[in-house]
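Inside the fold
If you want the building blocks of each chain, they are given just below.
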Amino acid sequence: MAKLAVVYYSATGNCQMMAEAVVAGGQSAGGEVELIEAGDFTAGDVANYDTIAFGCSAYGAENLEEGTFEPMFQEVEGQLSGKTIGLFGSYDWGDGSWMREWQDRVVADGANLIQEGVIANLTPDEEGLEACRQLGAALVK
């Protein structure tokens with residue numbers, strides 16, 4: 001059974017909804033899944049999981065949240081080589097370039113990006129939540 005960490009930052013609740021859907025998908029596929037807020041995850045935690053889903057909203061000029069999420073992500077990047085990773089997040093404006101840049105960054109870190117990141121404009125609709133559930137299931141298979 002795969003052990004999945006779902007690590008997220010959510011200021012408005014949108015990414016938390018998405019994270020909870022990733023958890024549900026992973027659990028329904030038989031995985032052991034842990035939901036972790038970004039501020040509680042460190043580089044030392046990476047080795048404890050087979051796969052990791054990271055979730056964060058776009059901020060500013062389509063960047064990852066800079067107060068909590070970005071510092072955590074910078075810390076863990078050196079541990080991602082060879083890990084299977086999934087990404088998700090919400091945004092309010094732009095065209096999703098923050099997710100494309102984040103995907104490129106994860107691949108450059110040597111991780112196995114399981115699929116394109118799941119994004120939702122503001123509050124995720126049922127289609128977006130289903131995509132998150134599918135991401136969770138794919139990460140534990």
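These lines cover the structure that appears in this document, whether it is placed above or below. Bear in mind that the values here come from a model prediction, so they are computed numbers and not experimental data.

Within the protein chain, the secondary structure is distributed over 4 helices and 8 strands. Its helices and strands taken in sequence order, the protein chain reads β-α-β-β-β-β-α-β-α-β-β-α from the N to the C terminus. Taking 14 Å as the expected radius of gyration for a compact globule of 141 residues, we find that the protein chain reaches 13 Å, a close match to that expectation. Considering the protein chain as a whole, with its 141 residues, one finds that 50% of them fall into the buried category. One way to put it: in the protein chain the 6 positive side-chain charges average out to a point 8 Å from where the 23 negative ones average out.

Before going further, it helps to spend a moment on the nonpolar core. With 26 residues, the main nonpolar core has Phe 41, Phe 54 and Trp 102 as its most contacted residues. The set of elements that each furnish at least two residues to this core consists of β1 (3–8), β3 (51–55), α2 (69–76), β6 (84–91) and α3 (97–108). Filtering out sequence-adjacent residues up to four positions away, Phe 54 remains in contact with Val 7, Phe 41, Phe 69, Met 72, Phe 73, Val 76, Leu 80, Ile 85, Gly 86, Leu 87, Phe 88 and Trp 102. Of all hydrophobic cores here, the second largest spans 19 residues; its members include Val 6, Val 22, Val 118 and Leu 139.

Rules used throughout
Throughout, residues of each chain are indexed from 1 in the direction in which the sequence is written. Only residues with pLDDT of 70 or above have their local features reported here, since the model is predicted, and side-chain atom pairs are shown and tallied only from 80 upward, although totals for entire chains, interfaces and linings are computed over all residues. Based on all heavy atoms of the structure, the side-chain values leave hydrogens and waters out of the count. Counting from the N terminus, the helices are DSSP H or I runs at least four residues long and the strands are E runs at least two residues long. In this treatment the radius of gyration is a C-alpha quantity, and the globule benchmark scales as 2.2 Å times the residue count to the 0.38 power. Only protein chains enter the accessibility calculation, which uses a 1.4 Å probe. A residue is then buried if its area is under 20% of the maximum for its type, exposed if over 50%, and partly exposed in between. This count recognises Lys and Arg as positive and Asp and Glu as negative, with His and chain-terminal groups excluded. A charged residue contributes its charge at one atom only: NZ of Lys, CZ of Arg, CG of Asp or CD of Glu. We define the nonpolar core as a collection of buried residues of types Ala, Val, Leu, Ile, Met, Phe, Trp, Tyr and Cys that are connected through side-chain atoms lying within 4.5 Å of one another. Contacts between residues were defined by any pair of non-hydrogen atoms, one from each residue, lying within 4.5 Å.

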